[in-house]
Amino acid sequence: PPFGHNGEQALDDKMLKYGGFEGNAQTLRIISKLEKKSASPSGERFGLNLSYRTLASALKYDQKIPLIREERGIKKGYYHTEAGLVEDIKRHVTGNPELATKFKSIECSIMDVADDIAYSTYDLDDSFKAGFLSPADMLVSSEKLLSKIASKVAKNEPEFQGIDDSIVARTLLNIFDKTIDAREGLSPIRAFQSSMRSSQKLTQDGYNRTLFTSELVGEFVNGVSVELNDDNPSLSRVYLNDDTRLKVEVLKNYTFQATIQSTKLKITEFRGYEIVQGIFDALSGDKGNLILPEDVKLIHEKHQDNQTAIMRTVCDFIAGMTDRYAIEFYGRLKSNTPQTIFKPI
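Residues numbered from 1 in each chain as written. Predicted model: local features only at pLDDT ≥ 70, side-chain atom pairs only at ≥ 80, totals over all residues. Heavy atoms only, no water.

Some remarks on the overall build of the chain
Worth spelling out the cut-off: Going along the chain from the N terminus, every DSSP run of H or I of four or more residues is numbered as a helix, and every run of E of two or more is numbered as a strand. Only protein chains enter the accessibility calculation, which uses a 1.4 Å probe; a residue is then buried when its area is under 20% of its type maximum, exposed when over 50%, and partly exposed in between. Contact definition: two residues touch when any of their heavy atoms are within 4.5 Å. Reported accessibility uses the Shrake-Rupley method at a 1.4 Å probe radius. Residues are deemed covered only where the shown protein chains occlude them.
In terms of regular secondary structure, the chain is built from 15 helices and two strands. Within the span of the chain, comprising 345 residues, buried residues form 42% of the whole. When contacts within the chain are restricted to residue pairs at least 6 apart in sequence, those whose partners lie at least 24 apart make up 66%. Summed over its atoms, the accessible surface of the chain is roughly 19100 Å², and 52% of this surface lies on carbon and sulfur atoms.

Below is the structure:
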């Protein structure tokens, strides 16, 4: 959705009584229903018309999101609208529709690992490029920040329950040790200056950033292992070994805490939440359907007697917006200087 996590939270808050919103659930819905590549003669969409094995790769959480919830907080899973599809996926991939709720195909497992590696390395690259972080900043992080990262890693990864700020610090040093010029024989001041230059070189030179990121990705890929499921090979598991996993989790949580949770970005995210909710209120309100694009309006009219389906239609439309499109759309609704009416929706 537009505006990342805050956009996701804004949509979920609006959909608490109608099945919620969650990024992975939306992905399955997009590729199986919303994409416009294939449809029946009656107009029913089949999304990308993918095989069950391919669809299974997008089924990351094998649990149905409650249709009605009271509490806030995004729930992982799939929508009730895709419940029948999920049963079909299980039956065709495993031959057993009643398989345990821990269903996850090996392709999905591979994508999980790839996502973790990508997030841990490219969020770091973006943080360096934007000037939010540098290796020097990370290596002299406060104990408070390191402890917060340790708590997040331990919460998300049970095998790292004993992690503390010192382990996080050592992990960061291990990640950046090759980038620090620590030649023997240098005086303390020269060693400090050399280390700072190395840090600047990594953050200010695109070539060196790319080289560092590529080497890090290669190291992490070499830390991948496979656990074969002899009874059903399609459910075999791909995972990162403990040393690699720790580095990946430390980097993921560091960039999240130090960058994504920073005041600079939180101001932008807060605005994004407001924009998404404002658009949703307008489109789901009285006569809101009149400002929907024609193809979305037809789906809306088809479900005119089903409020849950109407809200899901509005949610689908907003979830497909880019940040820029959402800002322009909101401006046309709320701004004193709206875009021209001749600009297409």
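Considering helix 10 (residues 206-221)
Three or four residues apart is the spacing at which side chains of an α-helix point the same way, because the helix has 3.6 residues per turn. What counts is decided by this rule: Residue count minus one, scaled by 1.5 Å, sets the expected span of a helix. Residues adjacent in sequence count toward polar contacts only when both atoms are side-chain atoms; beyond that, a polar contact is any pair of N or O atoms within 3.5 Å, and within protein one must be able to donate a hydrogen and the other to accept it.
Taking 1.5 Å per residue as the helical rise, helix 10 with its 16 residues ought to reach 22 Å, and the 22 Å between its terminal C-alpha atoms agrees with that figure. Sitting at the amino-terminal end of helix 10 is Asp205, which places a side-chain oxygen 2.9 Å from the backbone nitrogen of Tyr207.

Points about the nonpolar core
Our working definition: By convention a nonpolar core is built from buried Ala, Val, Leu, Ile, Met, Phe, Trp, Tyr and Cys residues, the set being connected through side-chain atoms within 4.5 Å.
Ranked by size, the top nonpolar core spans 31 residues in total, and within it Met138 and Leu172 carry the most contacts. If you list the elements that add at least two residues to this core, you get helix 5 (106-130), helix 7 (143-156), helix 8 (165-176), helix 10, strand 2 (237-240) and helix 11 (242-260). Of all the elements, helix 7 adds the most residues to this core, at six residues. Apart from the residues within four sequence positions on either side, Met138 is in contact with Leu124, Phe128, Leu133, Leu172, Phe176, Leu251 and Tyr254. In this structure, Phe21, Tyr79, Ile275 and Tyr330 belong to the second largest nonpolar core, which totals 26 residues.

As for a positive patch on the surface
Filter applied, for reference: In this analysis, a patch consists of residues with relative accessible area above 30% that form no salt bridge, clustered at 9 Å for like charges and at 5 Å for the nonpolar side chains Val, Leu, Ile, Met, Phe, Trp and Tyr. A carboxyl oxygen of Asp or Glu within 4 Å of a side-chain nitrogen of Lys or Arg is what we treat as a salt bridge. Counted as positive: Lys and Arg. Counted as negative: Asp and Glu, with His and the chain ends omitted from the count. Note that the charge is assigned to NZ on lysines, CZ on arginines, CG on aspartates and CD on glutamates.
On the surface, a cluster of positive charge is contributed by Lys144, Lys148, Lys152 and Lys155. Secondary-structure assignment places Lys155 in helix 7. The class of Lys155 is exposed, set by a relative accessible area of 66%.

Notes on the packing of aromatic side chains
So the rule is basically this: Within 6.5 Å between ring centres, the rings of Phe, Tyr and Trp (the latter by its six-membered ring) count as paired, and their orientation is classed by plane angle as stacked under 30 degrees, edge-to-face over 60, tilted in between. Geometrically, a lysine NZ or arginine CZ counts as sitting over a ring once it is within 6 Å of the ring centre and also within 35 degrees of the ring normal.
For the structure shown, the criterion picks out four aromatic pairs. Where Tyr325 meets Phe329, the ring centres are 6.1 Å apart and the plane angle is 40°; that geometry is what we call tilted. One end of the pair, Tyr325, and the other, Phe329, are both in helix 15 (residues 323-334), four residues apart, so they sit about a helical turn from each other. Tyr325 sits in the partly exposed class, given a relative accessible area of 25%. Taking NZ or CZ as reference, Arg237 lies 4.3 Å from the ring centre of Tyr239, over its face. For the cation-ring pair, Arg312 lies above Tyr79, with the distance from its terminal atom to the ring centre recorded as 3.8 Å.

Considerations on the environment of Leu124
Locating Leu124 in the fold gives a position in helix 5. Residues Leu124 and Phe256, spaced 132 residues apart in sequence, show a C-alpha to C-alpha distance of 9.5 Å. Not counting the four nearest positions on each side in its chain, Leu124 is found in contact with Tyr119, Met138, Phe176, Phe212, Leu216, Leu251 and Thr255.

Section: helix 13 (residues 294-302)
Applied cut-off: Here, the arc refers to the directions that run from the helix axis to the C-beta atoms.
Among all positions of helix 13, only Val296, Lys297 and His300 are buried. Mapping the buried residues of helix 13 onto a view down its axis gives an arc of 100°, with all of them on the same face. Exposed side of helix 13, more than 90 degrees from the buried face: Glu294, Leu298 and Lys302 are the residues found there.

Focus: the packing of helix 13 against helix 14 (residues 307-319)
Our working rule: Angular values range over 0 to 180 degrees, each being the angle between N-to-C directions of two axes fitted as lines to C-alpha atoms, with helices fitted over their stretch in contact. In what follows, roughly perpendicular refers to angles from 65 to 115 degrees, roughly parallel to angles under 35, roughly antiparallel to angles over 145, and oblique to any angle outside these ranges. The sense of a crossing depends on the near helix, which, turned anticlockwise from the far helix by less than a right angle, makes the crossing left-handed and, turned clockwise, makes it right-handed. Polar here means any residue other than Ala, Val, Leu, Ile, Met, Phe, Trp, Tyr, Cys and Pro, which are nonpolar, and Asp, Glu, Lys and Arg, which are charged; Gly is therefore polar.
Between helix 13 and helix 14, the shortest axis-to-axis distance is 9 Å and the interhelical angle comes to 165°. Judged by the angle between their axes, helix 13 and helix 14 are roughly antiparallel. Of the two elements, helix 13 crosses helix 14, and the hand of that crossing is right-handed. Of the residues in helix 14, those touching helix 13 at Val296, Ile299 and His300 are Ile310, Thr313, Val314 and Phe317. For the contact of helix 13 with helix 14, the residue count by class is five nonpolar, two polar and no charged.

As for a nonpolar patch on the surface
The grouping of Leu139, Val140 and Leu173 at the surface amounts to a nonpolar patch, some 270 Å² of accessible area in total. One can find Val140 in the loop between helix 6 (135-139) and helix 7. The exposure class assigned to Val140 is exposed, which follows from its relative accessible area of 66%.

Some thoughts on the side chain of Gln26
Examined against the element boundaries, Gln26 turns out to sit in helix 2 (residues 23-34). Assessed through its relative accessible area of 4%, Gln26 is described here as buried. Dropping the residues within four chain positions of it, Gln26 is found in contact with Phe21, Leu34, Tyr79, Arg312, Asp316 and Ala319.

So, the environment of Ser236
Mapped onto the elements of the fold, Ser236 is located in the loop between strand 1 (224-227) and strand 2. In sequence terms Ser236 and Ser105 are 131 residues apart; their C-alpha atoms lie 6.9 Å from each other. Not counting residues within four places of it along the chain, the set of residues in contact with Ser236 comprises Ser105, Ile106, Ser109, Glu227, Leu228 and Asn229.

Brief notes about unusual backbone geometry
Even without a glycine there, the phi angle at Asn49 is positive, about 55°. Counting through the fold element by element, Asn49 comes out in the loop between helix 2 and helix 3 (52-56). Residues other than glycine seldom take positive phi values, yet Lys287 does so here, at roughly 65°. Looking at the element boundaries, Lys287 is found in the loop between helix 12 (263-284) and helix 13.

Remember, this is a structural readout, not a statement about activity or role.
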